[in-house]
Amino acid sequence: MSGIPLQHECNPDDPEEHLLWSYTKLPMKVESGVYLVAMVSALRKWSKQQYDAGIRHHPELQTIEFVPPPGGISMYGPPGEWLSIEKASQRRVENAEATQREFEELKDQVLASMPEYAARINSMTPEEKAAAREDAKSKLTESLSNMQSLLDVLNQDTDDTATGGETEES
């Protein structure tokens, strides 16, 4: 996971994540035109401090939800948006349909550019396709986990540098 996790990705019982999701796409531009930028590690501390101060999320009072764009959040794509609960559920359906269309178009392009693989895939049984899909998922998950570990180390180095080695009590 990179950036601020979405509501369904956060553990509501973890003070560092209880409110973390709500910091997604906050209005961060101040009057002078300067943007407030905060690392996710700092936002986790904000969430914990607010939690420790007694602030709690009440789902029954929630009137808006953050909806990522089709295909998910990317630094190269649209940022997603906060919508009313009613509009959010419809937008998720629209986004899922758009993502499926994009996937089908991309799949067709890839298969057209590699006819030998297309023939091999088309000759596979459903069971062979399922096994190949699980193998690819496993390899991708491992690669993503390795990249996340590297990113965590790099972010820790950045956090240490930014604070000058200071502790929270400093």
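These remarks concern the structure in this document. (Residues numbered from 1 in each chain as written. Predicted model: local features only at pLDDT ≥ 70, side-chain atom pairs only at ≥ 80, totals over all residues. Heavy atoms only, no water.)

Scanning the protein chain from terminus to terminus reveals five helices and two strands. Taken from the N to the C terminus, the helices and strands of the protein chain come in the order α-α-β-β-α-α-α. The buried share among the 170 residues of the protein chain stands at 16%. In the protein chain, the proportion of contacts linking residues at least 24 apart, taken out of those at least 6 apart, comes to 50%. (Helix = DSSP H or I, 4+ residues; strand = E, 2+ residues; numbered from the N terminus. Buried < 20%, exposed > 50% of the residue type's maximum accessible area, 1.4 Å probe, protein only. Contact = heavy atoms within 4.5 Å.)

Here the structure, examined in full by the defined rule, presents eight salt bridges. Linking Glu 104 and Lys 107 is a salt bridge whose minimum nitrogen-to-oxygen distance equals 3.2 Å. Here Glu 104 pairs with Lys 107, and both are found in helix H3 (residues 85-113), just three residues apart, close to one helical turn. Residue classification places Glu 104 among the partly exposed residues on the basis of a relative accessible area of 30%. Here the salt bridges share partners, and the residues they tie into one network are Glu 81, Arg 91 and Glu 94. (Salt bridge = Lys/Arg side-chain N within 4 Å of Asp/Glu carboxyl O.)

Bringing unusual backbone geometry into the picture now. In this structure, Lys 25 takes a positive phi of about 50° despite not being glycine. In this structure, Lys 25 sits in the loop between helix H1 (15-18) and helix H2 (40-52). Overall, Lys 25 belongs to the partly exposed group, its relative accessible area being 45%.

Once that is clear, we can look at the packing of aromatic side chains. The full count for this structure, using the stated rule, is three aromatic pairs. Plain terms: the ring middles of Trp 21 and Trp 82 are 6.3 Å apart, the flat faces sit at 45° to each other, and that makes the pair tilted. Of this pair, Trp 21 sits in the loop between H1 and H2 while Trp 82 sits in strand E2 (residues 81-84), placing them 61 residues apart in sequence. Its relative accessible area of 9% is what places Trp 21 among the buried residues. An angle of 80° between the planes, with centres 5.9 Å apart, marks the rings of Tyr 23 and Trp 46 as edge-to-face. You can see Tyr 23 sitting in the loop between H1 and H2 and its partner Trp 46 sitting in helix H2, a full 23 residues away along the chain. In this structure Trp 46 comes out as partly exposed when scored by relative accessible area, which is 36%. Grouping aromatic residues by their ring pairs yields a cluster made of Trp 21, Phe 66 and Trp 82. We note Arg 56 situated over the ring of Tyr 51; from NZ or CZ to the ring centre the distance is 3.5 Å. (Phe/Tyr/Trp six-rings, centres within 6.5 Å; stacked < 30°, edge-to-face > 60°. Lys NZ or Arg CZ within 6 Å of the ring centre and 35° of its normal.)

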